[in-house]
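Single-letter residue listing:
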Amino acid sequence: MSEDLGLLTLGIDLGGSKILTAVVNPRGEMLSSDESMTPATKGREAVIQSILDSAHRALKQAGVAISEIYAIGVGAAGISNPEAGILFTSPNLPGWRDVPLRDIMQERLGKRTFLINDANAAALGEFYFGAARRARNFIYITLSTGIGGGIVIDGKIYTGAIGAAGEVGHMTIDDNGPICNCGNRGCWETLASGTALAKEARHRIKEGVRTSILTYAEGDVERVTAQVIHNAADQGDGLAKELIARTGYYVGVGLANLINIFNPELIVIGGGLSNIGDMLLEPAFKVAGERAYKEASQAVRFASAELGRNSGVLGAAAFALREMGKPLCE
Ligand SMILES: [Zn+2]
């Protein structure tokens, strides 16, 4: 065990806007952390070079040579197949199609590399080192500009037939609802994400509803964000409170579906939008309780994510270690 404690992995969290890289030990402690912007519009080779640069900075910061790294885990935004190591497509990385990202990293860094979806990586981070420790059946949800998720069944991340499982943000909630980035209508994230909240607020303001929201957005309706609405709600603005409760309602509808399908013991909720707290989550939990089967909803516990922005990088590192057959110090 003491020997295994020395096994260091390199975790990489590749998002559409940022790259986070860290040297991680089996206890989930980060020996270093490097963050940089993703040059998404500059194309694939520029992004890959940025990942490599970030990896080298993270190694240097930790005082570790690449030869001392046991394995590498990459959590990447988009639909990927962990077994084949291929990133099929990524909404935030234009031009990426069927990229063998695992093999590219393996070749350039000379270490065994494993690829997983970023939300699944975040779920694993919370599972091994955060709010879902000791849970066997749990679901991780990130409420942010979109809605991501990861499903752990019987202690293992569930990735499905080709690795595309866990895309909870794209379950249909309203078949006539708003058009989603994925092309479908009324996906969960078109109704219950931060983007959806801001969009609805802008719509209501343009309709002429009385609200103080604009004063928190420098008078510019295009600057209305979920954070702005949260600020206005904290100061008692009626529309802001109503829209957050509406968003919470839709969060709850999706949670009810997940509870009925998976009967999880725990649902961990993270992402920037969840920082709104009770104003959003109380209506969500209420609706989930009303709509899901009573027995299943009574069996589920809700918890806030604990690892914040590090969940993905820690989960990617842990995934690599587990795929190499090594234990973690959970
Ligand atoms: Zn969608």
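Along every chain, residues carry numbers that run from 1 in the direction the sequence is written. Two thresholds apply to this predicted model, a pLDDT of at least 70 for residue-level local features and 80 or more for giving and counting side-chain atom pairs, whereas whole-chain, interface and lining totals are computed over all residues. For the side-chain quantities, the full set of heavy atoms in the structure was used; hydrogens and water were omitted.

Structural notes on the coordination of the zinc ion
Any nitrogen, oxygen or sulfur atom within 2.8 Å of a metal ion counts as a donor, with the limit raised to 3.2 Å for Na, K and Ca, and since water is left out, coordination shells can look unfinished. The protein atoms that coordinate the zinc ion are His 170 (ND1), Cys 180 (SG), Cys 182 (SG) and Cys 187 (SG), at distances spanning 2.0 to 2.3 Å. In short, tetrahedral needs four donors with all angles between 85 and 135 degrees, square planar needs four and octahedral six donors with opposite donors over 155 degrees apart and all other angles between 65 and 115, and whatever is left is irregular. In this structure, the zinc ion is coordinated by four donor atoms arranged in tetrahedral fashion, with angles at the metal of 105 to 121°. Considered as a linear motif, the donors of the zinc ion on their single chain read H-x9-C-x1-C-x4-C. Here His 170, found in the loop between β11 (156-157) and α5 (188-192), pairs with Cys 180, found in the loop between β11 and α5; they are ten residues apart in sequence, far enough to count as distant. Residue exposure (1.4 Å probe, protein chains only): buried if accessible area is under 20% of the type maximum, exposed if over 50%, otherwise partly exposed. Taking the relative accessible area as the measure of exposure, His 170 reaches 27% and is therefore partly exposed. On the basis of relative accessible area, Cys 180 is assigned to the buried category, the value being 7%. Helix and strand definitions follow DSSP, with helices as H or I runs of at least four residues and strands as E runs of at least two, each counted in order from the N terminus.

Some details on the sheet that holds strand β5 (residues 79-81)
A pair of strands counts as paired when DSSP detects no fewer than two bridges linking them. Strand order in this open sheet of three strands is β5-β6-β7, and the pairing throughout is antiparallel. Because the sheet does not close on itself, it has two edges, and the strands there are β5 and β7 (97-99). Ignoring which end each strand starts from, the neighbouring axes of this sheet average 20° apart. Inspection of the sheet shows strand β6 (residues 86-89) paired to β7 by two bridges, in the antiparallel sense. When the sheet's bridge partners are listed, Leu 87 is paired in β7 with Val 99. Interaxial angles span 0 to 180 degrees and are taken between N-to-C directions of axes, which are lines fitted to C-alpha atoms, for helices over the stretch in contact.

A word on the sheet that holds strand β13 (residues 301-304)
As summarised here, the arrangement of the five strands in space is β11-β10-β9-β12-β13, forming an open sheet in which the pairing is mixed. Among the strands making up the open sheet, the edge pair consists of β11 and β13. Relative to strand β10 (residues 147-153), strand β9 (residues 138-143) runs antiparallel, the two being bridged by six bridges. Across the sheet, residue Phe 138 finds its bridge partner in β10, namely Val 152. Contacts were defined at the residue level, with two residues in contact if any of their heavy atoms lie within 4.5 Å. This element, helix α8 (residues 238-262), spans β9, β10, β12 (266-270) and β13 of the sheet and lies at about 160° to β9.

Details of the pattern of salt bridges
Note on definitions: salt bridges are taken to be side-chain nitrogens of Lys or Arg within 4 Å of carboxyl oxygens of Asp or Glu. Evaluated as defined, the whole model comprises 13 salt bridges. A salt bridge links Arg 102 to Asp 103; the nearest nitrogen and oxygen atoms lie 3.2 Å apart. One salt bridge in this structure joins Lys 206 and Glu 222, with 3.4 Å as the shortest N-O distance. Of this pair, Lys 206 sits in helix α6 (residues 194-206) while Glu 222 sits in the loop between α6 and α7 (226-234), and the two are 16 residues apart along the sequence. Since its relative accessible area comes to 52%, Glu 222 is described here as exposed.

Overview of the side chain of Thr 247
Along the chain, the position of Thr 247 falls in helix α8. When its relative accessible area of 1% is taken as the criterion, Thr 247 is described as buried. In this structure, Thr 247 is in contact with Leu 191, Ala 192, Ser 193, Leu 197, Leu 273 and Leu 280, ignoring residues within four places of it in sequence.

All we've got here are geometric facts, nothing functional implied.
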